Amino acid sequence: MSKETPTKVTQIKDARVLCLFGDSVTTDHISPAGNIAKTSAAAKFLAANGVTPKDFNSYGSRRGNHEVMIRGTFANIRLKNLLLDGVEGGFTRDFTTESGDQSAIYDASERYGEAGVPLVILAGKEYGSGSSRDWAAKGTSLLGVRAVIAESFERIHRSNLIGMGVIPLQFPEGQSAGSLGLDGTESFQIAGIEAINEGEVPRTLTVVATPTAHSADGAREVRFEARVRIDTPAEADYYRNGGILPYVLRQLL
C-alpha cells in the first residue's frame, strides 16, 4: 500500500466467474463457519502444518488465522454453485483447465490468481442476507473476487464488500443472469469504474460477457448496464482506497 496515494482503480478485464448463485445466498453460506471438515481445503492446510485431525476444531476457534479462514470461505456443505449440476458444497468449475474441471473453490481461486485472472460472482436476489459476518466480505476479497453482480443485496453485506475493495453491481431492473442468458462460462469486461479516481461515482457500468471455449455452441456476447451500488460518499472513499483499512491508515498518516 502506498503511504499517501492509493493505487488507481482500473477496469476489470477478462474476469472469470468463480461462482454462479441463485437467490438468498446468506452470509452463513459465504463465511467460514462450523467444524473444519477433514476433507476441506482448510483441513489439508492444517494437516500440512502438522495439526492432527482431532485438533482441527472449528473455523470460529481459528478466525485469527487468515490461511484457514480464506480456505473456509464458500465452503458451506449446503452451498449450491450453479456452475455445477447437482453438486453441493464449496466447489466450482476451474476454467484455467481446458475442460473446466470441478475443483474446490479455494484451489480454483489460487490457480486464477497465479494466472493473473480477476474473478466475479454472479448472484440472484438478497445476496448476503443474514447476520453481518465480516469474513463473508473479507474472504471474498482474499479469494481474488473484484466484483459481485447480483439482482439485489442485503444492505450491510453490500457495504462490507466495498469496505474490502469489492465492487457490488446490480443487474438492470427485472433482469438476472438467467434472463440475460449468462451461464457463468463467459469472460467479463467491466468498464467505466476508472471515473472514481477523479471523484465521480458512475451510476452504471457497462458489463460485456463474451463467450469462451467453455461456453455452449451458439453462445452470444451479452452487454448490459449494471447499477453501481456505491451508495454514499464515504463508501466511494473506501473503494477508491482499496478498502476501509487502507483508507483509515492513509487518514492517520
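Given the structure is predicted, the values throughout are model-derived calculations rather than measurements.

Caption draft 1: Examining the overall build of the chain more closely. Scanning the chain from terminus to terminus reveals eight helices and nine strands. Over its C-alpha atoms the chain spans a radius of gyration of 18 Å, differing by no more than 12% from the 18 Å that the globule rule assigns to 253 residues. Across its three principal directions, the C-alpha atoms of the chain cover 55 × 50 × 35 Å. Counting only residues that meet the buried cut, the chain has 46% of its 253 residues in that class. A fraction of 63% describes how many contacts in the chain between residues 6 or more apart in sequence connect residues 24 or more apart. For the chain, the accessible area works out to roughly 12200 Å², and carbon and sulfur atoms hold 48% of it. Taken together, the 27 basic and 30 acidic charged side chains of the chain have centroids lying 5 Å from each other.

Caption draft 2: Molecular detail of the pattern of salt bridges. All told, the structure shown has 13 salt bridges when counted by the stated rule. Between Arg 63 and Asp 134 there is a salt bridge, with its nearest N and O atoms 3.0 Å apart. Of this pair, Arg 63 sits in the loop between helix H2 (41-48) and helix H3 (66-72) while Asp 134 sits in helix H5 (residues 134-142), placing them 71 residues apart in sequence. Two residues, Glu 88 and Lys 80, come together in a salt bridge whose shortest N-O distance is 3.7 Å. Salt bridges sharing partners connect three or more residues here, namely Arg 158, Arg 229, Asp 231 and Glu 235.

Caption draft 3: Spatial organisation of the packing of aromatic side chains. Under the definition given, this model contains five aromatic pairs. Measuring from centroid to centroid gives 6.4 Å for Phe 21 and Tyr 127, while their planes differ by 20°, and the two rings are stacked. One end of the pair, Phe 21, is in the loop between strand E1 (12-20) and helix H1 (27-30); the other, Tyr 127, is in the loop between strand E4 (119-122) and H5, with 106 residues separating them in the sequence. The pair Phe 21 / Tyr 127 is uniform in exposure class, with both members buried. With centroids separated by 5.5 Å and ring planes inclined at 35°, the aromatic side chains of Phe 171 and Phe 224 adopt a geometry described as tilted.

Caption draft 4: Highlighting the packing of helix H6 (residues 155-163) against helix H7 (residues 233-240). Following both chains from N to C, one finds H6 and H7 inclined at 40°, their axes separated by 8 Å at the closest point. Between H6, through Arg 158, Ser 159 and Ile 162, and H7, the contact on the second element is made entirely by Glu 235, Tyr 238 and Tyr 239. Residues of the contact of H6 with H7, tallied by class, amount to three nonpolar, one polar and two charged.

Quick notes on the rules
- Residues numbered from 1 in each chain as written.
- Predicted model: local features only at pLDDT ≥ 70, side-chain atom pairs only at ≥ 80, totals over all residues.
- Heavy atoms only, no water.
- Helix = DSSP H or I, 4+ residues; strand = E, 2+ residues; numbered from the N terminus.
- Rg over C-alpha atoms; globule rule 2.2 N^0.38 Å.
- Buried < 20%, exposed > 50% of the residue type's maximum accessible area, 1.4 Å probe, protein only.
- Contact = heavy atoms within 4.5 Å.
- Areas by Shrake-Rupley, 256 points an atom, 1.4 Å probe, with all protein chains shown as cover.
- Lys, Arg positive; Asp, Glu negative; His and termini not counted.
- Charge placed at Lys NZ, Arg CZ, Asp CG, Glu CD.
- Salt bridge = Lys/Arg side-chain N within 4 Å of Asp/Glu carboxyl O.
- Phe/Tyr/Trp six-rings, centres within 6.5 Å; stacked < 30°, edge-to-face > 60°.
- Axes fitted to C-alpha atoms, helices over the stretch in contact; angles between N-to-C directions.
- Nonpolar A, V, L, I, M, F, W, Y, C, P; charged D, E, K, R; others polar.

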